[in-house]
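Chain by chain, the residues:
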Amino acid sequence: MRDDDNDTRLFDTLEHYILEHYPNPERIGCLDQDLLRRFVETPELLDLSDPKYLHVFKCAECTRELGDLRRIREARIQQDVVSSPFSSAGMKAIEKWRRHIVTAAFKTRMLVRRFVERLKSVFR
Ligand SMILES: [Zn+2]
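Residues numbered from 1 in each chain as written. Predicted model: local features only at pLDDT ≥ 70, side-chain atom pairs only at ≥ 80, totals over all residues.

The helix and strand tally for the protein chain stands at four helices and zero strands. With 124 residues in all, the protein chain has 6% of them scored as buried. For the protein chain, restricting intrachain contacts to residue pairs at least 6 apart in sequence, the fraction spanning at least 24 positions comes to 67%. (Helix = DSSP H or I, 4+ residues; strand = E, 2+ residues; numbered from the N terminus. Buried ≥ 20, exposed ≤ 12 C-beta atoms within 10 Å, placed from the backbone. Contact = placed C-beta atoms within 7 Å.)

Written as structure tokens, this is what we have:
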């Protein structure tokens, strides 16, 4: 199975692993909320080679917060897709629907045609 563009499956696997193996109830060495948010929202603006970010891969609490922030972000992106049909993701969604509708219309037409043929044969 192919992963999606956000490596969701990979991330989920990692998330579960960290949650299970690195509990940190005392929040020792944790990154602050603002930093976690930026980690999710604009990772390209952070220097991810900074060793302090390795903390999140060894902390169930930070990982849980990151997971929540990531899900909130994804929900918001979904919302954006619906409300702005001209974004590329929105266009992709519309294209998918269009194809779906065309296929459905085609099937309906075939069904109607077959039905008409049968009617014709009955009333001949
Ligand atoms: Zn932490």
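Moving on from the model shown.
Right, let's get into the nonpolar core. Residues Leu 31, Phe 39, Val 56, Cys 59, Cys 62 and Leu 66 constitute the largest nonpolar core, which totals six residues. Setting aside residues no more than four positions away along its own chain, Cys 62 makes contact with Cys 30, Leu 31, Leu 36, His 55 and Val 56. (Core = buried A, V, L, I, M, F, W, Y, C linked by C-beta atoms within 7 Å.)

Before going further, it helps to examine the confidence of the model for the protein chain. Of the residues in the protein chain, 87% have a pLDDT of 70 or more, and the chain-wide mean is 81. Here helix H4 (residues 88–123) stands out as the element of the protein chain with the lowest mean pLDDT, 73, in contrast to helix H2 (residues 33–41), whose mean of 90 is the highest. (pLDDT = per-residue confidence, 0-100.)

Phi at Arg 27 is positive, roughly 55 degrees, even though this residue is not glycine. Mapped onto the secondary structure, Arg 27 falls in the loop between helix H1 (8–21) and H2. The exposed category is assigned to Arg 27, around which 10 C-beta atoms lie within 10 Å.

This part takes up the environment of Leu 19. With respect to the helices, strands and loops of the structure, Leu 19 is situated in helix H1. C-alpha of Leu 19 to C-alpha of Cys 59: the two residues are 40 residues apart in sequence and 7.4 Å apart in space. If we skip the residues at most four places from it in the chain, Leu 19 touches Ala 60, Thr 63 and Arg 64.

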